[in-house]
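Reading the structure
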Amino acid sequence: MDIQLTQILFQIINFSVVVGAVGFLLFKPVLKIFDERAKRIAEGEKAATKAQTAYAEIEKNRKLTEASLKKERSEIVKAAQAEALERKEAIIADAKVKAKALTTELQAQWETEKIALFKKSQTDMAEAVLSISEKVIASTLDKKNAQKLIDTELKEIIKAL
Amino acid sequence: MAAELHISISAETLFSIGGIAITNSMLTSLVVSGLIISFCLLVRTQLKNTSNPRGLQNFAEWIVESLHNLVHGVTGDLKKTRLFLPFIGSFLLWILLNNWLGLLPGVGTIRILEGETTTEEHASIVEQVHAAETEIIDDAHTQESLVISNEELETGNETAAAEEHAVTAIPIFRPGTADLNTTIALALISVFVTQVIGVNALGLSYFKKYVNFSSPIMFFVGILELVSEFAKVISFAFRLFGNIFAGEVLLVVISSLIPLIVPMPFYGLELFVGFIQALVFAMLSLVFFNMATQSHDQH
């Protein structure tokens, strides 16, 4: 084993240069990048925690609003149901009134039409009687006698009625 | 066979620059340092502050993060971790690459001829050896016999061996950690940095660890601590050197005995040993660094 001081010194210098190069060219910049990345991650985590808190707050508010809206909705539905019931009753009452009026009107119309029909049937009957009478008498009445006969018959019919 | 079984416990000198002998282990260490520095430069130029690293940056980040976690697991203090990391990381990467580089084809096998003879003389010697071998075979053929006598073969081998003694084939590359000078240098750096870290953390009171007159027992403990610092250098240096050099010898011997397939499990074993030794050196240094930052009362 040949121990040479010059070789030992050479290797010490050689290794020292490597330590310096590795330290300044590799470890220092890479560790700097690690630190910056860790900082970014920490900031991201902080922002995420903040966002999570805000989200929880919003969720809480949403639930409260939802409950309040449900309550309001139920009240609105109840009120609407009550109003609808009221309107239903009013409409029914109004319809009843209108139906009654219509019935009365129709009855009056019916009476008028009945009278008119009756009158028409009287006329038709008179004409029929006249026609029959003509056939029975077998002669044609002149205008003056016919009129006299009609009047007499009508008077008797009216009297009968 | 003699060339294949070239085993030298110390690194061999390849050439000299200004009176400084450059050995094959120094050359390998320089190659490893060059590789590490090139990698660091490449990473530095491609580094981007992104949350989605890819390719080389991803690989570099994986290395740094793994080492950071390893160191932080021992220190438990971010400031200490950042202080120790360049040393521990460099120890681990440099020793690991040196250990593994020795397993590459060509390291230990590509050689240059070196000796007292010149290049022309080398060529002449090699030609003479070949001529002697051809002569022996021709003689055997002339006598219409394919059997070469043992005497003739021995004569031929002796001639060749005698010629080879004048020429030595030196491997161009030898793992840096298979040289005791390198491991001593690493051990000295580790122990020296431990002292610097201790003084930096505790001030001059760090030396109370070695010189303590509070009680006779503490005084004796101080002496033991002082001795242990020197023991650390020896322990660090010889553990790493012994393991890696033994691995190299094992591979050379196995490969020369049965060159095919059989050495493969040993290569796997050496890969593992190379990693474990690098880890052991780095972890022990880390533990010593960390202990140096704690006052003697805390021990």
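Keep in mind it's a predicted model, so treat the numbers as computed, not measured.

Another aspect to go through is empty space enclosed by the protein. All names here are of chain B. If you walk through the whole model with that rule in mind, you get 1 cavity of 30 Å³ or more. Of the voids in this model, the largest cavity is the one considered here, and its volume is about 40 Å³. Every residue along the wall of the largest cavity is listed here: Asn99, Leu103, Ile244, Glu248, Glu270 and Gly274. Those elements giving two or more residues to the lining of the largest cavity turn out to be helix 7 (216-257) and helix 8 (263-292).

Turning our attention to the interface of chain A and chain B. Across the boundary between the two partners, chain A contributes 29 residues, which contact 48 residues of chain B. Along the contact surface separating chain A from chain B lie 2 salt bridges. For Arg82 of chain B, the salt bridge identified is with Asp35 of chain A, shortest N-O distance 3.0 Å. Linking chain A to chain B there are 9 residue pairs in polar contact (both at pLDDT 80 or more). Of the residues contributing to the side of chain A that touches chain B, the split by class is 19 nonpolar, 5 polar and 5 charged.

Here we take up the pairing of strand 2 (residues 20-23) of chain B. Two elements, strand 1 (residues 13-17) of chain B and strand 2 of chain B, share 4 bridges in a ladder whose sense is antiparallel. Bridge pairing in strand 2 of chain B places Ser16 of chain B opposite Ala21 of chain B.

Glancing now at the layout of surface pockets. A water-sized probe, rolled over the atoms, reveals where empty space remains. Residue and element names in this part refer to chain B. Here the largest pocket is characterised by a volume of approximately 560 Å³. Contributing to the lining of the largest pocket are 30 residues, with Val107, Gly108, Thr109, Glu248 and Val252 lying nearest its centre. Where the lining of the largest pocket is concerned, the elements lending two or more residues are helix 7 and helix 8. For the lining of the largest pocket, the element with the highest residue contribution is helix 7, accounting for 7 residues. Its residues assigned to classes, the lining of the largest pocket comprises 17 nonpolar, 8 polar and 5 charged.

Our next topic: helix 3 (residues 78-101) of chain B. Since there are 3.6 residues in each turn of an α-helix, residues three or four apart along the chain are aligned in direction. All names here are of chain B. The first and last C-alpha atoms of helix 3 sit 33 Å apart over 24 residues, in line with the 34 Å expected at 1.5 Å per residue. The largest bend along helix 3 measures about 45° and falls at Phe84, with the proline Pro86 one to four residues further on. Where helix 3 starts, the residue carrying a side-chain oxygen 3.1 Å from the main-chain nitrogen of Lys79 turns out to be Asp77.

A separate point is the packing of aromatic side chains. Summed over the entire model, instances satisfying the criterion amount to 13 aromatic pairs over all chains. Here the aromatic rings of Phe241 of chain B and Phe245 of chain B are separated by 5.4 Å at their centres, their planes lie at 10°, and the arrangement is stacked. Residue Phe241 of chain B and its partner Phe245 of chain B are located together in helix 7, separated by 4 residues, close to a single helical turn. Taking the relative accessible area as the measure of exposure, Phe241 of chain B reaches 5% and is therefore buried. Judged by its relative accessible area of 15%, Phe245 of chain B is buried. Three or more aromatic residues joined by ring pairs make a cluster, and in this case those are Phe15 of chain A together with Phe91, Trp94, Phe236, Phe281 and Phe288 of chain B. The residue whose ring lies beneath Lys232 of chain B is Phe288 of chain B, and the NZ or CZ to ring-centre distance is 4.0 Å.

Residue and element names in this part refer to chain B. The phi dihedral of Ile261 falls on the positive side, at around 60°, and the residue is not glycine. Within the secondary structure, Ile261 sits in the loop between helix 7 and helix 8. The class of Ile261 is exposed, set by a relative accessible area of 68%.

As for its position among the elements, Gln11 of chain A is in helix 1 (residues 5-137). With residues up to four places along the chain from it excluded, the contact list for Gln11 of chain A reads Ser25, Met26, Ser29, Trp94, Thr182 and Ala185 of chain B.

The next point concerns the pattern of salt bridges. Scanning the model with the defined rule gives 9 salt bridges over all chains in all. We note a salt bridge from Arg62 of chain A to Glu59 of chain A, for which the minimum N-O separation is 2.9 Å. In this pair, Arg62 of chain A and Glu59 of chain A are both assigned in helix 1, 3 residues apart and thus about one turn of the helix distant. Here Arg62 of chain A falls in the partly exposed class, since its relative accessible area comes to 38%. Relative accessible area serves as the criterion here: at 22%, Glu59 of chain A is assigned to the partly exposed category. The closest approach of N and O atoms between Lys232 of chain B and Glu229 of chain B, which form a salt bridge, is 3.1 Å. A residue pair is termed a helical-turn pair when its members lie 3 or 4 positions apart in one helix, as Lys232 of chain B and Glu229 of chain B do in helix 7 at 3 residues. A relative accessible area of 7% places Glu229 of chain B in the buried class. The structure contains a network of salt bridges with shared partners spanning Glu59, Arg62 and Glu66 of chain A.

Parameters at a glance
- Residues numbered from 1 in each chain as written.
- Chains lettered and ligands numbered in written order.
- Predicted model: local features only at pLDDT ≥ 70, side-chain atom pairs only at ≥ 80, totals over all residues.
- Heavy atoms only, no water.
- 1 Å grid on protein atoms, 1.4 Å probe; cavity = no way out; pocket = protein on both sides within 12 Å on 5 of 7 lines; lining within 4 Å.
- Points joined across faces, edges and corners; volume = space filled by probe spheres on them.
- Helix = DSSP H or I, 4+ residues; strand = E, 2+ residues; numbered from the N terminus.
- Contact = heavy atoms within 4.5 Å.
- Salt bridge = Lys/Arg side-chain N within 4 Å of Asp/Glu carboxyl O.
- Polar contact = N/O pair within 3.5 Å; in protein donor to acceptor, adjacent residues only side chain to side chain.
- Nonpolar A, V, L, I, M, F, W, Y, C, P; charged D, E, K, R; others polar.
- Pairing = 2+ DSSP bridges.
- Expected span 1.5 Å × (residues − 1).
- Bend = angle between axes of the 7 residues up to and from the residue.
- Phe/Tyr/Trp six-rings, centres within 6.5 Å; stacked < 30°, edge-to-face > 60°.
- Buried < 20%, exposed > 50% of the residue type's maximum accessible area, 1.4 Å probe, protein only.
- Lys NZ or Arg CZ within 6 Å of the ring centre and 35° of its normal.

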